[in-house]
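Per-entry structural report
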Amino acid sequence: MKSLTALALLSAGLLSGIISCKNDSENTVPAGPQHFTVASWTQDLQYVAATSSLTEGSLTFKGKGLEANGSRYIWHKEYVYLMNLPEKRFVQYKMGVDGSLVQNAYILTDGVVPNYFQSINVVDDNTLLVLGANDSGNNGSIGWARLSVPDLKVVAKGTLTVPYNAAKPGLEFYPGKGYVDNGKFILGGYFYNTATRAYEVDGVKALVYDYPAMTNLNVAQSNATAGGIGYDYLSSLTTDEEGNHYFVASAGKYWTGLGGKSGVLRIKKGATEFDKDYFFDVTSQVGRQGCLMGMNYVSNGIAFGTVQYEELMTSVRDRLKNVGQVVKLDLRNQKATLMNVPLSPVSMVRSPLVFNGKYYTGIAPVDQPAFIYEFDPAGDANGFKKGLSLDGGGSVQVQLIAPHPTK
């Protein structure tokens, strides 16, 4: 038996040596075809469904995608995450190489932060940081929790201090998007008074905490405009190649402000204060009292976003009408270029996709055909292509676009 074991070990060693001598490219698993997951709201239900292309063909949601009830969406690596508010479930879907899409896990959020996840942030490859509050009245304290991924477990949780004015008990802070840099968590958000039913603004404020302790609150403030930053369910925070961070500052009458100038504020890599020399005033360039809603950085100083034309609105619900338009943003030269695409509801800015140097978002004008559009950062106002057509059995609005793995 001993000699047979030795022979087996010798054979295994020879086989290992032969394999290790092969060219690395011969051992590489070939990449499969590219697929994408698209989340949508239709006139009947909400769906997540997979497609083999964003630039051609058609995708029908009704009766084909997985039914989903989501308010906030995020994707990270090979997983899509969806916050189901009515059921207070944070759901994880796995995207397969073959285009498959299956619900993998979920976590009940009630009692974690302590209620539901309002702010969802990827802080590193293995960690999500989520924040939330009670249904009403946070009284200067909200909850946070760190989740490990992909196993979707709560590894730490607690409360953090937020600005609070006891003389205005109806005034609450709503956490938005944030990021971790140089041992700090820097958080955007907005202030809303539930008693007066109005936003309250005093310049622009970001909250700065020690990370991972989530203690030692400091407030970074800019007076460049007056509005909220990093709105929670929109793509309202982005980062360039140098690690500088850009917050969308929405100062609209109907969106986190009082009707002032909306634009972009920057916090440089490693810093904890707004760059005093940087405010990209988008409203003044696009006209129609355009309120910047969100943006995604692509490359070489270029981002794409969406403006909401508030002169076409009479209430916040009008964001569901054709009031939004894609805008190209040159962050280095502070130049805004309106893209010559149709107006549509502003859901196009919830969670678009930057992929292989292009920007993809859904444009779905009310009572008109809906498509995924591809935008080229090197192009002009006509630098886009109409791609995948979308069918929701009626109206359809894209909430998220995410790429599947290919290996």
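Residues numbered from 1 in each chain as written. Predicted model: local features only at pLDDT ≥ 70, side-chain atom pairs only at ≥ 80, totals over all residues. Heavy atoms only, no water.

1. Points about the packing of aromatic side chains
- Within the structure shown, the criterion is met by 20 aromatic pairs.
- Measuring from ring centre to ring centre gives 5.8 Å for Tyr359 and Phe375, while their planes differ by 55 degrees; the resulting arrangement is tilted. Within this pair, whereas Tyr359 is found in strand β28 (residues 358–363), its partner Phe375 is found in strand β29 (residues 370–375), the two being separated by 16 residues in sequence.
- Judged by relative accessible area, Tyr359 falls into the buried class, the value being 0%.
- What makes Phe375 buried here is its relative accessible area of 0%.
- Within the aromatic cluster, the residues linked to one another by ring pairs are Tyr174, Tyr190, Tyr192, Tyr199, Tyr231, Tyr233 and Trp255. (Phe/Tyr/Trp six-rings, centres within 6.5 Å; stacked < 30°, edge-to-face > 60°. Helix = DSSP H or I, 4+ residues; strand = E, 2+ residues; numbered from the N terminus. Buried < 20%, exposed > 50% of the residue type's maximum accessible area, 1.4 Å probe, protein only.)

2. Let's talk about unusual backbone geometry
- Of note, the amide linkage connecting Val113 to Pro114 takes the cis form, showing an omega dihedral of 5 degrees.
- The residue Pro114 is located in the loop between β8 (101–108) and β9 (119–124) in this model.
- Residue Val149 is joined to Pro150 through a cis peptide bond whose omega torsion reads 10 degrees.
- Its place among the elements puts Pro150 in the loop between β11 (141–148) and β12 (153–161).
- Despite not being glycine, Leu152 has its phi angle at roughly 60 degrees, a positive value.
- The exposure class of Leu152 is buried, given its relative accessible area of 5%.
- Despite not being glycine, Asn182 shows a phi value in the positive range, around 55 degrees.

3. Observations regarding the sheet that holds β11
- Taken in spatial order, the 4 strands of this open sheet run β9-β10-β11-β12, and their pairing is antiparallel. Across the chains shown, the open sheet's two edge strands, defined by having one partner strand only, are β9 and β12. When the angles between neighbouring strand axes are averaged without regard to direction, this sheet yields 25 degrees. (Pairing = 2+ DSSP bridges. Axes fitted to C-alpha atoms, helices over the stretch in contact; angles between N-to-C directions.)

4. Here's the deal with the side chain of Thr109
- One can find Thr109 in the loop between β8 and β9.
- If near-sequence neighbours (up to four positions away) are discounted, Thr109 is found in contact with Met83, Lys88, Arg89, Phe90, Pro114, Asn115, Tyr116 and Phe117. (Contact = heavy atoms within 4.5 Å.)

5. Some points on the confidence of the model for the protein chain
- Of all residues in the protein chain, 92% have pLDDT values of 70 or greater, and the mean over the chain is 91.
- Between residues 1–25, whose pLDDT stays under 50, and residues either more than four places distant or in other chains, the model counts 2 contacts. (pLDDT = per-residue confidence, 0-100.)

6. As for the sheet that holds strand β1 (residues 36–42)
- Strand order in the open sheet formed by 4 strands is β4-β2-β1-β31, and the pairing between neighbours is antiparallel. Looking along the sheet, the strands with just one partner apiece sit at the ends: β4 (66–67) and β31 (396–403).

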